[in-house]
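# Survey of secondary and tertiary structure
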Amino acid sequence: MNGAVLEKIANNDAETVNDSAVGGLKSAGKNSPDSAVIQSVTNTDSENFSFKDFVLSSLKNEKLQTISVGIVSLSFGILIWHLATLYNFNYFINFENVPSPTTVGAAFLSHLGDAEFYKHILISMRRILFAYSIAVVLGVTIGVLVGRSRIARAAVLPYIEVIRPIPAVAWIPLAILMWPTEESSIVYITFLGALFPIILNTIHGVKETPEVLVRAAVSLGAKKMEVFWHVVLPAALPSIAAGLSIGMGISWFSLLAGEIISGQYGIGYFTWDAYSMINYPDIVVGMLIIGGLGTLSTYLIGLMMRPALRWKKFQR
Amino acid sequence: MKTGVVSMHEKIFRKETSDAKERGKIEIDEVSIVFGSGPTENIAVQETSINISPGEFVCILGPSGCGKSTLLNSVAGYVKPSSGRVLVDNEVITEPGPDRGMVFQQYSLFPWKTVHQNIAFGPKLAGYTPSQCDSIASTFLAMIGLSKIAKSFPGELSGGMQQRVGIARALANYPRVLLMDEPFGALDAQTRLMMQESLLNIWSEFGITVLFVTHDVDEAIFLADRILIMSSSPGSVIADLNVALERPRSPEMATSTEFVALKKECLSHIRAQSLKAFEEVGH
Ligand SMILES: Nc1ncnc2c1ncn2[C@@H]1O[C@H](COP(=O)(O)OP(=O)(O)OP(=O)(O)O)[C@@H](O)[C@H]1O
Ligand SMILES: [Mg+2]
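Residues numbered from 1 in each chain as written. Chains lettered and ligands numbered in written order. Predicted model: local features only at pLDDT ≥ 70, side-chain atom pairs only at ≥ 80, totals over all residues. Heavy atoms only, no water.

The name that an unreviewed UniProt entry assigns to chain A is Binding-protein-dependent transport systems inner membrane component, with the source organism given as marine gamma proteobacterium HTCC2143. Quoted straight from UniProt, the Sequence similarities (unreviewed entry) entry for chain A says "Belongs to the binding-protein-dependent transport system permease family." (UniProt positions renumbered as here; feature names shortened; annotations may be inferred.)

This is the structure:
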């Protein structure tokens, strides 16, 4: 009973400290908009505080600055693209057959009501989800085994060394011959693409586990499995997270290669089909969808890993 | 010095409610530890015997590389003696375990666990319920005066705070002995002094046996009941000095005649060692 009370007190204390720490940060903060507002409040008689001041001080805010510079830069790129297609720029690189931003936009909008278009996207996403999930489970398991056990390392490392340098794309012909269906060969190639970065990063992370932490855990009574769950895995997690992001990128890359060469559905097929059908705006629509989905899925992986890596930002 | 909080928890959670005086006897019995073999053979510890009584505070003092950590690690169970054996409370040590608390020189808190979770980890492994673990952790946090940072991650703490949490984490298992390998070696002089005083407070509250490795003569004298001086190549104990300074110790004692006399004695042993090593290298 007393223990519970003590614990409550301890928790309350912790909250007060956190609050005051946040308060301290806020008051010391570099938030220029805040300070601008405060100034305007203290100078009640002046009308100097205008919208322009607000915009300027907002611009000093780092996040806003990053975003606005990004938007300006992107708009500039689109403008160049637009001008190059408008004037049929043709000097070494040929823009004559490149669709303009507006035609691409129009093509994209026309697809929004097209069920076939969504089917391409969904099928690609399904392949990624399936292949990537298998790669994560197998990659992390193999990586941990190889990283922790000398025997496993001796048995598995030769395979990794031999297969790793072969790009997933080089597997396409053999994959088509080996697997019963086109679908399975595409999934296989996608899986291979994600597998190796995940294995290698997991091995690296596991090897980085500080021995002193393993010793500490053992002296606190941890058995092998507990050492694994409480020490080895968390220590490897930052590196595993990096492997997961890289693996996601490469699995998209491999998927598209597979879809271009075989298959009747998928966003890679859509893009290549547009080329065969001389439907140039759709090539760019397909490319942009691929880029968007790749970025989105990598971002989601990062988002999912973030809570588990919260401690990392305090490390020095 | 008894705050009541800890003694209450001792009553509730201590597995053996028997007298503390019965716990924490260390016997190092003719222990030799040899690394490598053939031409690379390295005798880190040679036929060393030490007996430590329950509740004693013993410092192992010696130059770098003389085998202090190796000897301590044999008590912890990380290193197996090549010959001889180590016993804690008449049980032969074969592997690391929660009955021996360990504090390292490098910061060894789990960076992905909060301070509270770090301290609660040992009790959790020992099978206490989550609420028991919570209350043990809170008790120990209160003891080291860090309740306010229960939810912080180790990376947010200063080196001294991290080591305090490390001590609390080791004690949360109510171990028989506390093994410390230069725990304050990485701290600045001021923090170091404060940590030494707070360690002595904790020790007197718990009455736990402490085996403390250091190469700092002042630290050894300030803390210990007994100082074991080790020589290198091969590592062995060459002197066993009794520290008769009264307790509680205070930093002012460092200028007392007894302290200075002890310091001279320690230094002369160490100097004799260094000279020997120096001449051996010279020939
Ligand atoms: N795992 C090991 N393998 C091989 N040799 C070792 C190992 N651990 C220690 N040694 C050797 O044993 C000797 C004693 O080392 P130890 O770490 O015990 O010294 P120490 O007194 O703790 O030194 P320091 O004050 O620098 O920590 C050294 O010569 C060291 O090289
Ligand atoms: Mg050492």
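What follows is about the overall build of chain B. Secondary structure assignment for chain B yields eight helices and 10 strands. Taking 283 residues into account, the globule formula puts the C-alpha radius of gyration at 19 Å, and chain B, at 19 Å, falls close to it. Here the C-alpha coordinates of chain B stretch approximately 65 × 45 × 40 Å along the principal axes. The buried share among the 283 residues of chain B stands at 54%. Restricting to contacts in chain B with at least 6 residues of sequence separation, those with at least 24 account for 70%. Accessible surface, chain B as shown: approximately 12,100 Å² in total, 52% of it carbon and sulfur. (Helix = DSSP H or I, 4+ residues; strand = E, 2+ residues; numbered from the N terminus. Rg over C-alpha atoms; globule rule 2.2 N^0.38 Å. Buried < 20%, exposed > 50% of the residue type's maximum accessible area, 1.4 Å probe, protein only. Contact = heavy atoms within 4.5 Å. Areas by Shrake-Rupley, 256 points an atom, 1.4 Å probe, with all protein chains shown as cover.)

Turning next to unusual backbone geometry. All names here are of chain B. Look at the link from Arg-247 to Pro-248: it is a cis peptide, with omega at -5°. Positionally, Pro-248 belongs in the loop between β10 (236-242) and α8 (257-282). Within the chain, Tyr-174 stands out as a residue other than glycine whose phi angle is a positive 45°.

Another point: helix α12 (residues 267-276) of chain A. All names here are of chain A. For α12, every residue scored as buried is listed here: Ile-267, Gly-268, Phe-270, Thr-271 and Ala-274. On an axial view of α12, the arc spanned by its buried residues comes to 165°, and they lie on one face. Turning to α12, the residues buried within the fold contact α5 (101-111), α6 (115-148), α11 (224-261) and α13 (280-305). Two residues or fewer after α12 comes Ile-278, characterised by a positive phi angle close to 55°. (Arc of directions from axis to C-beta.)

As a further point, take the UniProt feature "transmembrane region" (unreviewed entry) in chain A. Residues and elements named next belong to chain A. Mapped onto this structure's residue numbering, the UniProt feature "transmembrane region" (unreviewed entry) falls at residues 66-84, 128-147, 159-179, 185-206, 227-253 and 283-305. Between the C-alpha atoms that bound residues 159-179 the distance is 20 Å, and the span itself is 57% helix and 0% strand. Within the segment residues 283-305, helix and strand shares are 100% and 0% respectively, and the terminal C-alpha atoms sit 33 Å apart.

Okay, the packing of helix α9 (residues 182-208) of chain A against α11(A) next. Residue and element names in this part refer to chain A. One can describe the packing of α9 onto α11 by two numbers: an axis separation of 7 Å at closest approach and a directional angle of 160°. Between α9 and α11, the crossing angle belongs to the class labelled roughly antiparallel. Taken as a pair, α9 and α11 cross one another with a handedness that is right-handed. For the contact of α9 with α11, a count of residues per class yields 15 nonpolar, 12 polar and one charged. (Axes fitted to C-alpha atoms, helices over the stretch in contact; angles between N-to-C directions. Parallel < 35°, antiparallel > 145°, perpendicular 65-115°, else oblique. Left-handed = near helix turned anticlockwise from the far one by under 90°. Nonpolar A, V, L, I, M, F, W, Y, C, P; charged D, E, K, R; others polar.)

This part covers the nonpolar core. Counting residues in hydrophobic clusters, the biggest one holds 96 residues, and the most contacted among them are B:Phe110 and B:Leu211. Take this core: its biggest share by element is 16 residues, from α11(A). By size, the runner-up hydrophobic cluster in this structure holds 55 residues, among which are B:Cys59, B:Ala150, B:Leu200 and B:Leu241. (Core = buried A, V, L, I, M, F, W, Y, C linked by side-chain atoms within 4.5 Å.)

Residues and elements named next belong to chain B. Counted under the stated rule, the structure contains 15 salt bridges over all chains. Residue Asp-89 is joined to Arg-176 by a salt bridge in which the shortest nitrogen-to-oxygen separation is 2.5 Å. Taken together, the positions of Asp-89 in the loop between β4 (83-88) and β5 (91-92) and Arg-176 in the loop between α5 (159-171) and β7 (177-181) put the pair 87 residues apart, joining distant regions of the chain. Of the two residues examined, Asp-89 and Arg-176, each falls in the buried class. Within this structure, Asp-89, Glu-91, Asp-99, Arg-100 and Arg-176 form a network of salt bridges that share partners. (Salt bridge = Lys/Arg side-chain N within 4 Å of Asp/Glu carboxyl O.)

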